[in-house]
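In case you want the letters, here they are:
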Amino acid sequence: MVERARRHAATAGVAATCLVVGLAPPATADPAPGTAALMAAVEDYCGDDGCRDILPPGQNGNATLVEILGHQLFGTVPEHADTHLGPYENLPHDYEDLTADALDDYFLDASFGVSEDDIGAEYQPRDDVTIVRDQQHGIPHVYGRTRAGTMYGAGYAAAEDRLFLMDVLRNLGRGELTPFAGGAESNRELEQQLWRGAPYTEEDKQEQIDRVVAEHGERGEQALADVDDYLDGINAYIDRSQQRHDYPGEYVLTGHKDPITQEGEIEHFSVTDVVGMASMVGLLFGGGGGGEVESALIRASFHNEYGAEEGEELWRDWRMENDPEAVVTVDGDFPYTGTPDDPAGEALPDPDSVVPYDIVHDEEGSAAGGALPSPLSAAQEAPDTEAGTTEELPEADQAELESLAEEGELDAAEGIFNGGVLPEDLLEGEPGMSNAALVSGERTESGHPVAVMGPQTGYFSPQLLMVQELQGPGISARGASFPGVSFYVQMGRGVDYTWSATSAAQDITDTFAVELCEPDGSEPSVDSRAYLDGDSCVEFEELSVHNAWSPTVADQTPAGSYTLTALRSPYGLIDSFGTVDGDPVAFATRRSTYRREVDSIIGFQKFNDPGVVASAADFQDAAMDVSYAFNWHYADADDIAFINSGANPVRTEGTNPNLPIAAHSDSGWAAGTPAPTAPTTRRWRSIPTPTTPTTWSTGTTSRRPDTPPGTEPGRCTAATCSTCAWPRCSTRAMSSAPRRWRGS
């Protein structure tokens, strides 16, 4: 057991932020204790001023069919669906007068456990686990007498709060969102983007799982056992909700369940589904780099406009690599993978030769064009009222809703997903900027650090993140997790420390130019679909999924279908075709985490283990097992720390990471291993260190990569934020309200 002195510190934050001290003892094998005893057994040293978190709009993201109809007809919302919204929405208006005494008006208490007078529900989905939910917000506090019980409870609670959203993400990870949720144009765009960046066969996913176990020994075996137990909890809830007929109502509205006969089955979740969801999260928030073809074309336009010598000078100035005026997170040098003085192996595309590869084929029906149903008009949307929950409606209204659901009269919910089941700008819309502010103890009145950290994943309902507390042997944490992979807390607090993340977007993706050929030996062209592998001509591997959809109550898009086919080579996924010095090539994008997304499970497992993290250095060591590109921020009662995680490719000498690489040259990757990073934060800035190559948007001026020569968006301000590439201006204000609740 790791012994710690009691520490005192305070913090406030957004999404899962706190500062704590202490240690949770191991679970006992005695007979199941009562709720009070369970919570008393967990030591919690949040500090005299407490720890806090908030994750709007609310904990509950599930809704029965009756609740969806109630929302559409009367403006009601499910219990605990929006209880975080009020405090969070008020903060931007009141922050100028904010004092420590008023923090509880804007944030939730993030200490472990639930006060006796705030217990709203307690139950045991299995003998070895108890779930306690607070009355005000419904946040699950999971207490496992065994580790397997904790994982089972985490899965059960996640399904209670986000089952339909989890199913949406599962099918999105499979590239099969449209058959599940409908053929809305937004759904098609989402699944196409995911299939371009993370196409997998079921065998690919299983290989990732097997490798984690093989490469990480006991920790890998424990991680797989944790996932299996977590899935057991999810699937148990699926079975029970179907028996009770209180499963999410979207299953009826999307055609998977019949409200009258109850025919239809909600599919159980499998371990490969977890891989798909983890891949989606990693692609959305933990990637970085790429775009070398576009970079080369913009460089060529500078040369064409100003001549080779002046154009190169202007290009380098515009590119702002290693910009000495860029703000930084930590002092010191980290000269990783900049442009070499004498680059080798560059493969520059010929101007006007690049043709993007379209993964969409064989379009039929609505996929081939034609009129699509309109998203709901303001008149069709739910009433803009504060009617409370359906249980608070008059008895006559409740009876009406029950009757409509039982008889399958669903007119009130027609077309609610015509605009898509997820926000249409989820992948490419204006992003919120994740943030973190950490102050060392030497600069605070208390002498202890203060941390305010706000990871951003969008602002809509239900959230992509959910709050939970997990307690059991080898795990003690509270914070935010992505549903479907919430067997561990991903950002939050441990027994005496807190951590959070921002997307780092460092360069873990390169583009390789692969020479094309024809298997019959004829002359290749940009239409060729085979590549040279030594003396052999090998056809690209095709990863295909055929998707077909029909209109449903929720999505009235007419029937249609298409096939999505990604092309894969040893050098990555094919993005485009073109010529280099007149020779036809395919441009393949290689991301270091592709086919290795599951590797990061070990780092997150360690974050939750009080026996592993006893100091800032321990946390940094654990973060080295996260292959996603994240900036991690840490605080405890004594220290604040920063580390940049990521499977940073080790490139051979002379490789230029800013431009396409000739696949058969000596340039490229020697390996794909995490590189060491800088230790301790002194202030929040934009890039890790002065010699870290900047991305397109982290120099002194933020620009879009596709800005043509001669244009200048200018410095990033609130007024010019729409012209800036990610991450956006730190001055960007939070949206005033989330999307209207419309079921899950």
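Please refer to the structure higher up on the page.
Report on the accompanying structure. Just so you know, these numbers come straight off a predicted model, no measurement behind them.

## Looking at the overall build of the protein
And step 1. Of regular secondary structure, the protein possesses 14 helices and 25 strands.
And step 2. Looking at the protein alone, contacts between residues at least 24 apart form 71% of all its contacts between residues at least 6 apart.
And step 3. Put simply, the protein shows about 29,700 Å² of open surface, and 47% of that area lies on carbon and sulfur atoms.

## Describing the pairing of strand S14 (residues 509-517)
And step 1. Burial within S14 is extensive, with eight of its nine residues counted as buried.
And step 2. By the bridge criterion, two bridges tie S14 to strand S24 (residues 661-662) in an arrangement that is parallel. Each residue of the ladder has a partner; that of Phe 512, found in S24, is Ile 661.

## A word on the state of the cysteines
And step 1. Tallying each qualifying case throughout the model produces two disulfides.
And step 2. At a sulfur-sulfur separation of 1.6 Å, the disulfide partner of Cys 46 is Cys 51. In this pair, the class of Cys 46 matches that of Cys 51, namely buried.
And step 3. Each disulfide pairs two cysteine sulfurs, and for Cys 517 the partner residue is Cys 537, the sulfurs being separated by 2.0 Å. Torsion about the S-S bond of the Cys 517 and Cys 537 cystine: about 100 degrees, corresponding to right-handed handedness. You can see Cys 517 sitting in strand S14 and its partner Cys 537 sitting in strand S16 (residues 536-539), a full 20 residues away along the chain.
And step 4. A residue is classified by how much of its surface remains accessible, and Cys 517, at 8% relative accessible area, is buried.

## As for the sheet that holds strand S13 (residues 497-503)
And step 1. With respect to topology, nine strands assemble into an open sheet ordered S3-S4-S5-S10-S11-S12-S13-S21-S22, the strand pairing being mixed. The open sheet terminates on both sides in strands that have one partner only, identified here as strand S3 (119-126) and strand S22 (640-645). Ignoring which end each strand starts from, the neighbouring axes of this sheet average 20 degrees apart.
And step 2. The sheet contacts of helix H14 (residues 616-623) involve S13, strand S21 (630-636) and S22, and relative to S22 the element is tilted by about 10 degrees.

## Quick look at the packing of helix H2 (residues 65-74) against helix H12 (residues 395-407)
And step 1. One way to put it is that H2 packs onto H12 with a least axis distance of 9 Å and a crossing angle of 120 degrees. If you check the angle between H2 and H12, you find them oblique. Relative to H12, H2 is oriented so that their crossing is right-handed. For the pair formed by H2 and H12, the contact residues are Leu 65, Val 66, Leu 69, Gly 70, Leu 73 and Phe 74 on the first element and Asp 397, Glu 400, Leu 401, Glu 402, Leu 404 and Ala 405 on the second.

Each value, and the rule that gives it
- Residues numbered from 1 in each chain as written.
- Predicted model: local features only at pLDDT ≥ 70, side-chain atom pairs only at ≥ 80, totals over all residues.
- Heavy atoms only, no water.
- Helix = DSSP H or I, 4+ residues; strand = E, 2+ residues; numbered from the N terminus.
- Contact = heavy atoms within 4.5 Å.
- Areas by Shrake-Rupley, 256 points an atom, 1.4 Å probe, with all protein chains shown as cover.
- Buried < 20%, exposed > 50% of the residue type's maximum accessible area, 1.4 Å probe, protein only.
- Pairing = 2+ DSSP bridges.
- Disulfide = S-S within 2.5 Å.
- Axes fitted to C-alpha atoms, helices over the stretch in contact; angles between N-to-C directions.
- Parallel < 35°, antiparallel > 145°, perpendicular 65-115°, else oblique.
- Left-handed = near helix turned anticlockwise from the far one by under 90°.

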